Amino acid sequence: MIPAFSRGSLWRGSLVLLAWMAVGGPVFGQTPAQPPGELPAVPAVPASEPPRLNRFELLLDDGGTVVGAAGRVELRGERPDGQEGPAKAILSGGVEILYQDVKITADRIELDRDTEDVVATGGVVFDQGPRRLVGSRLELNLETKLGAVDDVTGFVSTDYFFAGSHVAKTGENTYRIDDGRFSSCEGESPAWSFRAKRIVVTVDGYAKARSASFRVRKAPLFYLPYVAWPVNQGRTSGLLMPKPGYSSRRGATLGLGYFQTLGRSYDTTFHVDFFGGGAPRGSAGNGKYFGLGNEFRYRPSQGTAGQLQAYFIHDPELDDLRWKIRLDHESNDLPLGFRGVIQVDEVSDFAFFQDYERRVDRNSQRQLYSFGFVSKNWGHQSLNIQFDSRETLLTSDRTITQRQLPEVEYKLRSTRLGKTPLYLQMRSSVHLLDVDRGAQANSTYGRADVFPEVTLPIRARPWMSLSLTAGGRFTWWQDSLRDPQASSGSGELFAGEGLSRFVPNAEAEIVGPTFSKIFDNPGGKNWSKFKHVIEPRFTYAFFEDFVDQDRVPIFDEVDNVRGSNIGRVALVNRLLAKPAGESGDGAREIMSFELYQDVSLDSTVPLQASRDRSLERQQGPLTGLFRYNPSRRTTVKAEVGYSTLFSAIEETSLSATFGIGSSDNIGLRWARRLSAEDGIVRNDQVRLSTQLTLVPRRLTFSSQVNYDIERAVLQFQRHILSFQGSCYGLSIESGEYRRGDLVDREFRFLVTLKNVGTFLDITGGASETL
């Protein structure tokens, strides 16, 4: 244990103190002659060994304690008040001292006992909690912990670095930097920084500077009259960094923000945007724009959180107030075990996305979907109550809207009925539906639907299984469509009359007889065993036809139930593989090929027919489906449909996803459909998507291209090249969208700074009518 000394005996006991050993063996040799006031020197040690340090504990005049280590300690000066002991300690040779939460290391340190002043020179490092200053000279008062450092670099919080010719610590959490720079980047020449003659930093507050220059490396990029940058890891109220930008549609832009905390669980951010004057789509002038927005966030409990975003802008060209609102809310701690989610996405008009949305991928958004629900699951049952609204833009002046106000849905998953071999499942729902498809297609009506089914699974043999299902679907509509055969003369689509439908259904599935064989692959690099399985399958589905189906208002899949009496015959080949080195049953399917054909059991409903109905066939096209999954992130699927009536291929599709490394992938989707009767191509499109890492943890590229091969038209393309530096990010986006004869082209250049966010946003675009 390090001995402590009283004030009177401190300096008398220094020789004893500094002879104390930290780890075995005498610290000092027996040198007979020493200069006055100097302690015995540390004996020389071999060059390959670190020098031994003298460890000490010194009591200050106010009772505080300084501990540390040094190669040499000198005691100098007399106490002016006549008390015993020298007034100063001069420490040199790899000095380190500790006082409360302060740690100082330097080549040389002078400590004044009376004033508690410290002067450190040579390789100075000053640490106080998470803050560090590194310089050539330090002057500090241990009592006030105020002082200054020359030729300094350092940080006051994680990811907040600065440098200057002189830094003064003027308060517990305040610093003044002369001829300084401030950045989130480390290094003598940071990737970006703010520089100014004087910077005032308040920890957990702001770094403020006037007449500051923003620099990339050492080159000034532009000047700012005033900068206030948050210096905190938590939530602190205040101004946010200005965000300059430019848009070909809005002109030069400047975004200003203010963040305000509202207690531990709430905060809000106000945004003000100034647009210098561009030409939004459809306008002809260069009016100036002013936008105002707010984001309100809340988390009152561990299970409840959300945010509300609103943005308003006065469009001088249209002399109209345009806006968008987005609400996201989630509660996982509602009473009785319910969970609730709300998402609202609304805009004043769809052109808002084209004129003011900065994200390239949202410029052509044509649908808005808002919903809210509460749900609960227990056992095999679930209850869901949902409101939703879907608005779809069809043309520039026509939209359709469908709403559920609300839907109450109850589901029972497959549940065994007592000790019987039967299993019951049921879907049921009650809706209030609101439809607006134009002046003559509006209605608000109720709908109820109940769909129970009973299944009997039969395991005839280990190599064969049978499943039989029977049930019925009852649906009631408060309103219905007019009979298309009757002439009303009013033009109204809805008849104002109720309608009910009951259709029985039956299903059957036979799998087998199944044949399989296992192949060992000793020494295989990827797979140790393979299993080949051949499964004949027969499935049958029956829905009775509803004679008034044309009067059913189609809202979703509940309404669109068509009569069917179809069986499917299939032969499935499956290849399973067990990874090398794994024990137990770890096999998975890596390849399959299925050949199937549907057969209509209703002689009046052929599955293949010529246009003039002179040729018909009850059997449907012969379809082959191939799947290949060599890894969990790489899949290939190919499907071909062959018309046996016209002896020609009528449908082909290929989709593949190739995983590269741990996160990259390339995706391909190609689909071609044609008329087997005359060979006319109806649709031929390809989609290519990529997500690639060009430089690990630095440069990434993502892209999506949709191309219509038949019409030789590029329907959609979007490309993003992103670079992520240690303290900044760069992103270049480009996109092209076709809407009928109108082609929109967009680009965006985005700069984000660490701990700042979006700093520069430049967007542009043009429209062309073909």
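Residues numbered from 1 in each chain as written. Predicted model: local features only at pLDDT ≥ 70, side-chain atom pairs only at ≥ 80, totals over all residues. Heavy atoms only, no water.

### Considerations on the nonpolar core
Part 1: In this structure, Ile-104, Phe-182, Trp-192, Phe-194, Val-201 and Trp-229 are the most contacted members of the largest nonpolar core, which totals 56 residues.
Part 2: With 14 residues, the next largest nonpolar core counts Trp-477, Leu-481, Val-503 and Val-552 among its residues. (Core = buried A, V, L, I, M, F, W, Y, C linked by side-chain atoms within 4.5 Å. Buried < 20%, exposed > 50% of the residue type's maximum accessible area, 1.4 Å probe, protein only.)

### As for the packing of aromatic side chains
Part 1: Under the definition given, this model contains 15 aromatic pairs.
Part 2: Taking the centre distance of 5.3 Å and the plane angle of 20 degrees together, the rings of Phe-214 and Phe-222 count as stacked.
Part 3: Exposure remark for Phe-214: the relative accessible area of 4% places this residue in the buried category.
Part 4: Phe-222 sits in the partly exposed class, given a relative accessible area of 24%.
Part 5: Each member of the aromatic cluster is reached from another via a ring pair, and the members are Trp-192, Phe-194, Phe-214 and Phe-222.
Part 6: Above the face of the Tyr-369 ring, Arg-390 is positioned so that its terminal group lies 4.2 Å from the ring centre. (Phe/Tyr/Trp six-rings, centres within 6.5 Å; stacked < 30°, edge-to-face > 60°. Lys NZ or Arg CZ within 6 Å of the ring centre and 35° of its normal.)

### A short note on the pattern of salt bridges
Part 1: Per the counting criterion, the structure on display carries 30 salt bridges.
Part 2: A salt bridge links Asp-349 to Arg-322; the shortest N-O distance between them is 2.8 Å. With a gap of 27 residues between them, Asp-349 in the loop between β21 (339–347) and α2 (351–356) and Arg-322 in strand β20 (residues 320–331) connect regions that are remote in the sequence.
Part 3: With a shortest N-O distance of 3.1 Å, Arg-711 and Asp-708 are connected by a salt bridge.
Part 4: Members of the salt-bridge network, linked through shared partners, are Glu-535, Arg-537, Arg-574 and Glu-589. (Salt bridge = Lys/Arg side-chain N within 4 Å of Asp/Glu carboxyl O. Helix = DSSP H or I, 4+ residues; strand = E, 2+ residues; numbered from the N terminus.)

### Some details on the state of the cysteines
Part 1: Summed over the entire model, instances satisfying the criterion amount to one disulfide.
Part 2: Each sulfur in the disulfide pair Cys-185 and Cys-727 lies 1.8 Å from the other. Classification of the bridge connecting Cys-185 and Cys-727 rests on its S-S torsion, roughly 95 degrees, and on that basis the disulfide is right-handed. Within this pair, whereas Cys-185 is found in the loop between β10 (174–183) and β11 (192–202), its partner Cys-727 is found in the loop between β41 (713–724) and β42 (728–739), the two being separated by 542 residues in sequence. We note that Cys-185, like Cys-727, is buried. (Disulfide = S-S within 2.5 Å.)

### Let's talk about the environment of Arg-568
Part 1: Looking at where Arg-568 falls in the secondary structure, it is placed in strand β31 (residues 564–579).
Part 2: The sequence separation of Arg-568 and Arg-537 amounts to 31 residues, and the corresponding C-alpha distance is 8.0 Å.
Part 3: One polar contact links Arg-568 to Asp-598, side chain to side chain, over a distance of 2.7 Å. (Polar contact = N/O pair within 3.5 Å; in protein donor to acceptor, adjacent residues only side chain to side chain.)

### Quick look at the pairing of strand β35 (residues 619–631)
Part 1: Bridge analysis of strand β32 (residues 588–600) against β35 gives eight bridges, and the strand direction is antiparallel. Of the residues in β35, the one forming a bridge with Tyr-596 is Thr-623.
Part 2: Two elements, β35 and strand β36 (residues 634–643), share eight bridges in a ladder whose sense is antiparallel. Paired with Gly-624 across the bridge in β36 is Val-640.
Part 3: In sequence, β35 turns back onto β36 through a hairpin of two residues. (Pairing = 2+ DSSP bridges.)

By themselves, these observations are geometric and do not establish any function.
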